[in-house]
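# A structural walkthrough
The primary structure of each chain is shown beneath.
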Amino acid sequence: MALEPGTGRVHALVGGFDFNRKQYNHVTQAKRQPGSSFKPIVYSAALEQGVSPSTVVPDEPLVFGDWEPKNSDGKFDGLMSVRQALARSKNMVTIRITQLIGPARVREWASRFGIEIDAGRENLTLALGTSEVTPLQMASAYAVFANGGYRLPPVIIQRITDSKGQVLFEAPQAKLGEEQRAISERNAFLTSSLLQEVTRSGTAARAQGTLRRPDIYGKTGTTNDAVDAWFAGFQPGLAAVVWIGYDQPRSLGDRESGGGLALPVWIDFMSVALRNKPVQEITPPAEGLLRAANGDWSFEEFAGEAGIRAIGLDGTASLSPPSAASEAASAPLP
């Protein structure tokens, strides 16, 4: 599934193999768990509460009664920054961030991207992408990051003409106005910066390495037992999502993953779609961001000592001083 972030215009929609054999459109109808490809929405929500790419979080075990979540590689790597954690898709870090800001806030934030989550799923498992989405919804959600924070409806049919060329229908021109704004421009930029790290040094480093261009942003996703494999990403001019799975959910294989199955398909598609397209990296907005001494960005009001410097150390988030925006981020952590 691929569309233009700035207009919503659909470039590719492949919902199955043969319409004569099966009329079920997986792109628009199949709701599946997105796994870690949902994590950027969690991180985007956390930025509004004082978390920054430099915030330090422990990648250490967590136990909640009968639920004992693991990282996909079964390893725990200790303290790391938020930027490193998303790049390496660390589940424990994302769970701690979700516990900090609250599942209700994650659910509300997802709705800004067009992802509606049932109230019954409002728990910490949201951090790992247990809500259900379609590939169309995921492409539209990632387009929000790509276009600077606007949510646009996908345009599948642009124009209908009769045999004489008379226009019978034409989709209205997309307008990027504040009524379409889902998140701020600075939030879209900073989250995109994290997604660029994923494709540069993280679980999707093959993307930039193979396509040989830096303007690639995205996130891998794999659900429990490798039932669903995803890669969702974009170049600023084109957002695209690949999902691989069975109609009747079952494992794709013990060693399969979004990075191993969906990402190569995405790379093959983008290698053609971006051919002869100039490099177009997302630039920071003029206002609202500050760059720290380490070279990373943060929201202006959360710079230095004002934001959340660490999560999960000594049982609490490190805050100073609480503000209206960060009060919800002061919950104790295990």
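Quick summary incoming for the structure in this document. Fair warning: this is a prediction, and the values are worked out from it, not measured in the lab.

In this model, R212 sits at a positive phi of 55°, which is unusual for a non-glycine residue. For R212, the position within the fold is in the loop between α8 (205–211) and β7 (217–222). R212 sits in the exposed class, given a relative accessible area of 76%.

Moving on, we come to the nonpolar core. Counting 67 residues, the largest nonpolar core has I41, Y43, I97, F113, I115, F234 and W266 as the members making the most contacts within it. Tallying contributions element by element places helix α6 (residues 135–146) first for this core, with 9 residues. Ranked by size, the runner-up nonpolar core spans 7 residues in total, among them L47, F189, L190 and F302.

We now examine the pattern of salt bridges. Under the defined criterion, the tally for this structure stands at 18 salt bridges. D247 serves as the salt-bridge partner of K22, at 2.3 Å between the closest nitrogen and oxygen. Of this pair, K22 sits in the loop between β2 (10–12) and α1 (26–29) while D247 sits in the loop between β9 (238–245) and α9 (258–273), placing them 225 residues apart in sequence. Judged by relative accessible area, which is 41%, K22 ranks as partly exposed. Because the salt bridges share partners, they merge into one network encompassing D59, D73, D77, R88 and K90.

Following both chains from N to C, one finds helix α2 (residues 39–47) and helix α7 (residues 185–201) inclined at 135°, their axes separated by 10 Å at the closest point. Taken together, α2 and α7 sit at an angle that is classed as oblique. At the point where α2 passes α7, the crossing takes the right-handed sense. Together, P40, Y43, S44 and L47 of α2 and N187, L190, T191, L194 and L195 of α7 make up the contact between the two elements.

Once that is clear, we can look at the sheet that holds strand β8 (residues 228–235). Ordered by their spatial adjacency, 5 strands build an open sheet running β2-β1-β9-β8-β7, and the pairing between neighbours is antiparallel. In this open sheet, the two strands that pair with only one neighbour each are β2 and β7. Helix-sheet contacts for α6 involve β1 (2–3), β7, β8 and β9, and the interaxial angle to β8 is about 35°.

Criteria and thresholds
- Residues numbered from 1 in each chain as written.
- Predicted model: local features only at pLDDT ≥ 70, side-chain atom pairs only at ≥ 80, totals over all residues.
- Heavy atoms only, no water.
- Helix = DSSP H or I, 4+ residues; strand = E, 2+ residues; numbered from the N terminus.
- Buried < 20%, exposed > 50% of the residue type's maximum accessible area, 1.4 Å probe, protein only.
- Core = buried A, V, L, I, M, F, W, Y, C linked by side-chain atoms within 4.5 Å.
- Salt bridge = Lys/Arg side-chain N within 4 Å of Asp/Glu carboxyl O.
- Axes fitted to C-alpha atoms, helices over the stretch in contact; angles between N-to-C directions.
- Parallel < 35°, antiparallel > 145°, perpendicular 65-115°, else oblique.
- Left-handed = near helix turned anticlockwise from the far one by under 90°.
- Contact = heavy atoms within 4.5 Å.
- Pairing = 2+ DSSP bridges.

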